[in-house]
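# Commentary on secondary and tertiary structure
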Amino acid sequence: MSRLRALLTSPAHSWTLRRLIKGEELPAGERYLSVHLNAAHLEFSRRGTKKFHGLVGTAFELDSLADGRSRITGVHGAEWLAGIDGAHLDRLVATDVRLYGPRPYIGGDISYELGLFARPEADLAAPFVTFLTKVAEATGGLGPLVESGVELLFDGDRTALQIGGFGTLSGAGTYALLAGEGIADFRDGGLHRAGQPVTESYLVFTVSGSCERTDWASIPELQASWADCQRAIRDGNHRRVDEELMVFRRTVLTCHELLVRDAERIVESAKRLATAVLSAGPTARGADLDVPGLDALDPYTR
């Protein structure tokens, strides 16, 4: 059991996950799934002379063609919930913070672990929080470093769990994780119940699917492979171009961060671009030969 899951199972509080708005269907193999934080609210921001940071710990699991079930963890909020003072006890942070994704949705359960924590402002772990956030962003939340870092961060009594839960999401939509009974609605950037703002700690987040992944060209393995193709095309060595294009094709088609249809479009676009550049430019070596970057292989441009 992960440290985050252990923390979420220990409290005796009654916390509930409710789907406030049902989203569009998520057809398997046709959408990229993302989770965005809409609002985070701390019930208290100061106790005595201490101010508190709010941190959101996350873990999401989806079916993956790469390894059956793919788990991605993260910690969020080193900056946007920091230093809340006593004059803002109702402080609400409504943002568009990405908690997960975009990742191909191939069907199956969407499992989640989610917790809002309060950490003393003077805590010396603050730089570690910032570092861990950056590592999670750079690695997509994968790997033992992020998993171990999250467990270290949420270990000990200096981090107080305010609200949390785990389980399976029932598809796309806007969800609220909160305490208490009664119908709640999300409007004007905050959560309300019976016409009044909810004062307890809560989280509001949205699960959505997109037909496009706009940041696909930032995938490191694709960038590295296309850079090899660019060098071969500039050299004008047709045999080497064919070899590098074959490697690029294999890299793209086996990339589990892309939907199959998008991977196939990128490969076809790469072939067309290489042919066009080689036929229009000099066949001799030339560093001046212009070879477009990876984003020129846009799978969404017809």
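Evaluation of the coordinates by the stated rule reveals 15 salt bridges. The shortest N-O distance in the salt bridge between R69 and D63 comes to 2.9 Å. The class of R69 is partly exposed, set by a relative accessible area of 30%. Residue class for D63 comes out partly exposed when judged on its relative accessible area of 25%.

Moving on, we come to the environment of R193. For R193, the position within the fold is in strand β11 (residues 190–193). Take R193: its relative accessible area is 17%, and that puts it in the buried class. Taking the C-alpha atoms as reference points, R193 and E181, separated by 12 residues in sequence, lie 9.2 Å from one another. In this structure R193 touches R18, L178, A179, G180, E181, G182, I183, V198 and E200, once residues within four positions along its chain are discounted.

Let us look at the pairing of strand β9 (residues 173–179). The side chains of a regular strand alternate, first on one face of the sheet and then on the other. Of all 7 residues making up β9, 7 are buried, and the element is well covered by its neighbours. Where burial is concerned, the two faces of β9 agree: the one with G173, Y175, L177 and A179 and the one with T174, A176 and L178 are both buried. Across 7 bridges, strand β1 (residues 15–22) lies against β9 in antiparallel orientation. Looking at the pairing, W15 lines up with A179 of β9. Where β9 meets strand β13 (residues 202–210), 5 bridges bridge the pair, whose relative direction is antiparallel. Each bridged residue has a counterpart across the sheet, and for L177 the counterpart in β13 is L203.

Applying the stated criterion across every chain yields a total of 3 aromatic pairs. Ring geometry for F60 against Y100: centres 5.4 Å apart, planes inclined by 50 degrees, an arrangement best described as tilted. On the criterion of sequence distance, the pair formed by F60 in strand β4 (residues 50–64) and Y100 in strand β6 (residues 92–105) is long-range, its members being 40 residues apart. With 5.5 Å between their ring centres and 15 degrees between their planes, Y175 and F205 make a pair best called stacked. Taken together, the residues span a long stretch of sequence, with Y175 in strand β9 and F205 in strand β13 at a distance of 30 residues. Here F205 falls in the buried class, since its relative accessible area comes to 0%.

On to the sheet that holds strand β10 (residues 184–187). Spatially, β10-β11-β12 is the arrangement adopted by the 3 strands of the open sheet, whose pairing is antiparallel. The open sheet has two edge strands with one neighbour each: β10 and β12 (196–197). Looking at chain direction, β11 and β12 are connected through 2 bridges and run antiparallel. Considered in β12, the bridge of H192 is made with P197.

Before going further, it helps to examine a nonpolar patch on the surface. Taken together, L65, I106 and V260 make up a surface patch of nonpolar side chains, about 280 Å² in accessible area. Examined against the element boundaries, V260 turns out to sit in helix α6 (residues 260–280). V260 sits in the exposed class, given a relative accessible area of 53%.

With 16 residues, helix α4 (residues 220–235) should reach 22 Å at 1.5 Å per residue; the first-to-last C-alpha distance of 23 Å fits that figure. Buried within α4 we find L222, S225, W226, C229, Q230, A232 and I233. Taken around the axis of α4, the buried residues stretch over an arc of 165 degrees, which confines them to a single face. Those residues of α4 hidden inside the fold are in contact with α5 (238–253) and α6.

Calculation rules
- Residues numbered from 1 in each chain as written.
- Predicted model: local features only at pLDDT ≥ 70, side-chain atom pairs only at ≥ 80, totals over all residues.
- Heavy atoms only, no water.
- Salt bridge = Lys/Arg side-chain N within 4 Å of Asp/Glu carboxyl O.
- Buried < 20%, exposed > 50% of the residue type's maximum accessible area, 1.4 Å probe, protein only.
- Helix = DSSP H or I, 4+ residues; strand = E, 2+ residues; numbered from the N terminus.
- Contact = heavy atoms within 4.5 Å.
- Pairing = 2+ DSSP bridges.
- Phe/Tyr/Trp six-rings, centres within 6.5 Å; stacked < 30°, edge-to-face > 60°.
- Patch = residues over 30% accessible without salt bridge, like charges linked within 9 Å, V, L, I, M, F, W, Y side chains within 5 Å.
- Areas by Shrake-Rupley, 256 points an atom, 1.4 Å probe, with all protein chains shown as cover.
- Expected span 1.5 Å × (residues − 1).
- Arc of directions from axis to C-beta.

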